[in-house]
Amino acid sequence: MNLVLSRDSIHTLEKILENELLCNGVEHAFIIDTAGTLISEGGKLPMEDILPLAALSAANFGATEKMAQMIGEKDFSLLFHKGTNHNIHFSRINKDFILVTLFGNDVAIGLIRHGSNKAAEKIIPILTSQEECLCGLH
Amino acid sequence: MAFIDMKRNEIQAKLVYYGPGRGGKTTNVLHIHKTMSRQICGKIVTIDTKGDRTLFFDFLPLSIGKVMGLSVRIQLYTVPGQVLYNDTRKLVLRGVDGVVFVADSLKVQQQQNIESLRNLVENLKDEKISVHDIPLVLQYNKRDLASSSIPILSHDEMEHDLNRDLGVPSFPASALKGDGVYETLREVSKKMIRRVTHKLRDGNY
Ligand SMILES: Nc1nc2c(ncn2[C@@H]2O[C@H](COP(=O)(O)OP(=O)(O)OP(=O)(O)O)[C@@H](O)[C@H]2O)c(=O)[nH]1
Ligand SMILES: [Mg+2]
């Protein structure tokens, strides 16, 4: 299976990350699939850090999913790593996609949860719609 | 899963180095990272045990140029070869677009090569991928040992063991010295990109 997203779809995803997360003080937000593919991102970090973070996030999510299954859960739909100054929040968008947020201690976790949920709701229809335009490719 | 981003004009595809433990997968990636320019190669991530055994995976993003006006980004991963770590291998194999199978030329590894290839076929099947469909290249690594006293498998033996049914491109290599590393990478990348762009041309999306 392959995924093609038009310029407009990517633009919309970026806007969602901006409006629901980045404008609340989040350092960086990105969408990945469970294989580690980086779908969309926005924020302060350079791309050279985001690519390995995407790969590690997917692996981290996959590993905890396996743990969940071993104790009789389907998965953990939400993960949160707390550091001294920086934190990472992961939430499942749907079965194939994960939303990852990096934020400092100045942002309340409640705000991240709320923003992630709202963002996920808006992201789902874009990633699952079939009518992607390939105009201008040939 | 290959991903095409029409805003950045970019293709992203996932390449996995597979094979028996200690066969030289990580050594391939380290050589690529050491010798490629920083413009092509991103940051490397390795998750290994205290020694040098891969515990989870190695990761290296590569920007390898343009095809049909799209920049091609390959996300390179290795799996842990140790038999024990099959759950981890399956995790890394998720959404794979191409595979390099790194076989060990050491005679004592003959059976491990065959078992690891069988394990690849099984794990691909769980991903709903046929080994005959996916872009796949074999690498017969550690050929430098031919000049030592350590018994190694002949090229023909390895072809017979591993490539008889598959009939895919295969390359002798010494990842330690860097021989054959780029030939392998180039061939599998070509196959992967051809696969994605064919579908694009046919408008199969
Ligand atoms: N002589 C020789 N040794 C090699 C070659 N490639 C790798 N090695 C050695 O073989 C050992 C294992 O190599 P790795 O690259 O760590 O093997 P791996 O396939 O990543 O192993 P796992 O992570 O356990 O799956 C190391 O000591 C390497 O130096 C080669 O081409 N020639
Ligand atoms: Mg390794």
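Residues numbered from 1 in each chain as written. Chains lettered and ligands numbered in written order. Predicted model: local features only at pLDDT ≥ 70, side-chain atom pairs only at ≥ 80, totals over all residues. Heavy atoms only, no water.

Visitor: Would you mind going over the interface of chain B and chain A with me for this structure?
Guide: Size of an interface, as often reported, equals the accessible area lost when the parts are brought together. Listed as interface residues are 30 residues of chain B and, on the opposing side, 33 residues of chain A. At the boundary of chain B with chain A, total buried surface from both sides reaches about 3100 Å², with 61% on carbon and sulfur atoms. For the chain B face of the interface with chain A, the top three residues by lost area are Met-1, Met-6 and Lys-7 of chain B, together amounting to 23%. Counting across the chain B and chain A interface gives five salt bridges. One salt bridge in this structure joins Asp-49 of chain A and Lys-43 of chain B, with 2.4 Å as the shortest N-O distance. Between the two partners, chain B and chain A, sit eleven residue pairs in polar contact (both at pLDDT 80 or more). Counting only elements with at least two residues in the side of chain B that touches chain A, the list comes to strand 1 (2-5), strand 2 (10-18), strand 3 (45-48), strand 4 (54-67), strand 5 (70-78), helix 2 (86-93) and helix 5 (181-201) of chain B. Here four bridges tie strand 1 (residues 2-5) of chain A to strand 1 of chain B, and the two strands are oriented parallel to one another. Counterpart to Asn-2 of chain A in the pairing with strand 1 of chain B is Ala-2 of chain B. (Contact = heavy atoms within 4.5 Å. Buried area = accessible area lost by both parts, 1.4 Å probe. Salt bridge = Lys/Arg side-chain N within 4 Å of Asp/Glu carboxyl O. Polar contact = N/O pair within 3.5 Å; in protein donor to acceptor, adjacent residues only side chain to side chain. Helix = DSSP H or I, 4+ residues; strand = E, 2+ residues; numbered from the N terminus. Pairing = 2+ DSSP bridges.)

Visitor: Any chance you could explain the site of ligand 1 here in plain terms?
Guide: All names here are of chain B. Around ligand 1, the structure places 20 residues, and the nearest of them are Lys-25, Thr-27, Thr-54, Gly-81 and Asp-144. Within the side chain of Thr-27, an N or O atom sits 2.5 Å from an oxygen atom of ligand 1. Across the complex, the protein chains shield 86% of the 650 Å² of accessible surface that ligand 1 would expose by itself. For the shell around ligand 1, the element with the highest residue contribution is helix 1 (residues 25-35), accounting for three residues. A breakdown of the residues in the shell around ligand 1 according to their chemical character gives five nonpolar, nine polar and six charged. (Near = heavy atom within 4 Å. Areas by Shrake-Rupley, 256 points an atom, 1.4 Å probe, with all protein chains shown as cover. Nonpolar A, V, L, I, M, F, W, Y, C, P; charged D, E, K, R; others polar.)

Visitor: Can you help me understand the coordination of the magnesium ion (ligand 2) in this one?
Guide: Ideal donor angles around a metal are set by the shape: a four-donor tetrahedron calls for 109.5 degrees, a six-donor octahedron for 90 or 180 degrees. Residue and element names in this part refer to chain B. Coordination of the magnesium ion (ligand 2) by the protein involves Thr-26 (OG1) and Thr-54 (OG1), with metal-donor separations of 2.0 to 2.1 Å. A residue pair is termed long-range when its members are at least 10 positions apart, and Thr-26 in helix 1 and Thr-54 in strand 4 qualify at 28 residues. According to the relative accessible area criterion, Thr-54 is buried, its value standing at 9%. (Donors = N, O, S within 2.8 Å, 3.2 Å for Na, K, Ca; no water. Buried < 20%, exposed > 50% of the residue type's maximum accessible area, 1.4 Å probe, protein only.)

Visitor: Is there a simple way to think about the pattern of salt bridges in this case?
Guide: As a working rule, side chains carrying opposite charge can pair if their charged atoms are close by. Residues and elements named next belong to chain B. Counting across every chain of the model gives 17 salt bridges over all chains. Two residues, Asp-104 and Lys-142, come together in a salt bridge whose shortest N-O distance is 3.0 Å. With Asp-104 in strand 6 (residues 98-104) and Lys-142 in the loop between strand 7 (136-141) and helix 4 (155-163), this residue pair connects regions lying 38 residues apart in the sequence. Comparing Asp-104 with Lys-142 shows no difference in burial state: the two are buried.

Visitor: Before we go on, may I ask you to explain unusual backbone geometry in this structure?
Guide: Keep in mind that most residues, glycine aside, have a negative phi and that most peptide bonds are trans. Positive phi values are uncommon outside glycine, yet Met-68 of chain B reaches one of about 50°. Judged by relative accessible area, Met-68 of chain B falls into the partly exposed class, the value being 26%.

Visitor: What exactly am I supposed to notice about the packing of aromatic side chains here?
Guide: Here the distance between the centres and the angle between the planes together describe a pair of aromatic rings. Overall, the coordinates contain four aromatic pairs over all chains when judged by the stated rule. Consider the rings of Phe-80 of chain A and Phe-103 of chain A, whose centres lie 6.0 Å apart with planes at 10°: the pair is stacked. With Phe-80 of chain A in strand 4 (residues 78-82) and Phe-103 of chain A in strand 6 (residues 97-104), the pair connects residues that are 23 residues apart, well separated along the chain. The class of Phe-80 of chain A is partly exposed, set by a relative accessible area of 32%. Pairwise contacts between aromatic rings join Phe-56, Phe-57, Phe-59 and Tyr-77 of chain B into one cluster. If you follow Lys-14 of chain B out to its NZ or CZ, it ends over the ring of Tyr-77 of chain B, 4.5 Å from the centre. (Phe/Tyr/Trp six-rings, centres within 6.5 Å; stacked < 30°, edge-to-face > 60°. Lys NZ or Arg CZ within 6 Å of the ring centre and 35° of its normal.)

Visitor: What exactly am I supposed to notice about a nonpolar patch on the surface here?
Guide: Residue and element names in this part refer to chain A. A cluster of nonpolar residues, Met-67, Met-70, Ile-71 and Phe-76, forms a patch on the protein surface that exposes about 450 Å² of accessible area. Examined against the element boundaries, Ile-71 turns out to sit in the loop between helix 2 (47-70) and strand 4. On the basis of relative accessibility, which here comes to 62%, the residue Ile-71 falls in the exposed class. (Patch = residues over 30% accessible without salt bridge, like charges linked within 9 Å, V, L, I, M, F, W, Y side chains within 5 Å.)

Visitor: How should the sheet that holds strand 4 of chain A be read in this particular structure?
Guide: The strands making up a sheet are joined through hydrogen bonds of the backbone, oriented either antiparallel or parallel. Residues and elements named next belong to chain A. The five strands are arranged 3-2-6-5-4 in an open sheet whose pairing can be described as antiparallel. The open sheet has two edge strands with one neighbour each: strand 3 (38-43) and strand 4. Ignoring which end each strand starts from, the neighbouring axes of this sheet average 10° apart. Pairing geometry for strand 2 (residues 28-33) and strand 6, over six bridges, is antiparallel. Residue Asp-33 lies in a different strand from strand 6, and its bridge partner there is Phe-97. (Axes fitted to C-alpha atoms, helices over the stretch in contact; angles between N-to-C directions.)

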